[in-house]
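Summary of structural features
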Amino acid sequence: ALAGGCAFSPPEENRAQVTQAVPREPVSPAPTSVPTTQLVFPEPIERVVRRYTNDVRFRLFDSAVGFVEPDLRSQFRGATDHLRTIRFTGVTIEQVEVDEAGTTAIATVRWRGHWLQSPFERELRTTQRWRRDEASQSWYVTPELEALGANLEQIRRAPAASMPPR
């Protein structure tokens, strides 16, 4: 028979030792009135660019819109329809340049993907323009989805000889 639901039954002389509870030191709760100072550091632009670019790559437009300049968000939502017909298979952030004041940045992004109706991958480059809001310390992009869309149209129309099928 199993002792206490265990597959191991200790010898009779060790049983008292095994079943005895081991006393523990009481754990004191963390102090509740520790003074804290919350410092706001801007998220590194490289990480912000990566998050936004991945959201666009994986068609997570509801998340990506949070990185867009607030007054351009409705325009962004309307411009994402053509992106739903593209499958991005890779993205590389080639370069992120920040100005001396740390308030604007330009990111060069290389996309690799294919039109859903075509098995041939293509590659294209885009430029993202970013601005850091001083009050919130958040970075916002001015999306160039129209330019991306025009480049994607070139992908769709380009001859398939330049890259092997997926």
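Residues numbered from 1 in each chain as written. Predicted model: local features only at pLDDT ≥ 70, side-chain atom pairs only at ≥ 80, totals over all residues. Heavy atoms only, no water.

1. Quick notes on the overall build of the protein chain
If you tally the helices and strands in the protein chain, you get 5 helices and 4 strands. Mapped in sequence order, the helices and strands of the protein chain form the string α-α-α-α-β-β-β-β-α. Surface summary for the protein chain: the accessible area is close to 11,200 Å², and the carbon and sulfur share equals 53%. (Helix = DSSP H or I, 4+ residues; strand = E, 2+ residues; numbered from the N terminus. Areas by Shrake-Rupley, 256 points an atom, 1.4 Å probe, with all protein chains shown as cover.)

2. Side note on helix H2 (residues 45-57)
Its 13 residues give H2 an end-to-end C-alpha distance of 18 Å, which sits within 8% of 18 Å, the value for a rise of 1.5 Å per residue. Considered for burial, the residues of H2 that qualify are Ile-45, Val-48, Val-49, Tyr-52, Thr-53, Asp-55, Val-56 and Arg-57. Contacts made by the buried residues of H2 are with helix H3 (61-64), helix H4 (73-79), strand E1 (86-98), strand E2 (104-115), strand E3 (122-132) and strand E4 (139-142). Two residues or fewer past H2, Arg-59 is found with a positive phi of approximately 60°. (Expected span 1.5 Å × (residues − 1). Buried < 20%, exposed > 50% of the residue type's maximum accessible area, 1.4 Å probe, protein only. Contact = heavy atoms within 4.5 Å.)

3. Side note on the nonpolar core
Core analysis: the largest hydrophobic core is formed by 25 residues, its most contacted members being Ile-45, Tyr-52, Val-56, Phe-76, Trp-111 and Trp-130. Those elements that place two or more of their residues in this core are H2, H3, E1, E2, E3 and E4. (Core = buried A, V, L, I, M, F, W, Y, C linked by side-chain atoms within 4.5 Å.)

4. Quick notes on the packing of aromatic side chains
Scanning the model with the defined rule gives 4 aromatic pairs in all. When the centroid spacing of 6.5 Å and the interplanar angle of 70° are considered together, the rings of Phe-61 and Phe-76 count as edge-to-face. Placement of the pair is Phe-61 in helix H3 and Phe-76 in helix H4, with a sequence separation of 15 residues. We classify Phe-76 as buried; its relative accessible area is 2%. Between Phe-88 and Trp-111, the aromatic rings sit 4.7 Å apart at their centres with planes inclined by 45°, giving tilted as the arrangement. (Phe/Tyr/Trp six-rings, centres within 6.5 Å; stacked < 30°, edge-to-face > 60°.)

5. Remarks on the sheet that holds E3
The strand order across the open sheet formed by 4 strands is E1-E2-E3-E4, and the pairing between neighbours is antiparallel. The open sheet terminates on both sides in strands that have one partner only, identified here as E1 and E4. Averaged over all pairs of adjacent strands, the angle between strand axes in this sheet comes to 30°, irrespective of strand direction. In terms of strand pairing, E3 meets E4 through 4 bridges, oriented antiparallel. If you follow Arg-129 over to E4, its bridge partner there is Thr-142. Seen against the sheet, H2 touches E1, E2, E3 and E4 and runs at an angle of roughly 160° to E1. (Pairing = 2+ DSSP bridges. Axes fitted to C-alpha atoms, helices over the stretch in contact; angles between N-to-C directions.)

6. Description of the confidence of the model for the protein chain
Overall, the predicted model of the protein chain reaches an average pLDDT of 77, with 61% of residues at or above 70. In the predicted structure, residues 160-166 sits below a pLDDT of 50 and forms 16 contacts with residues beyond four places in sequence or in another chain. (pLDDT = per-residue confidence, 0-100.)

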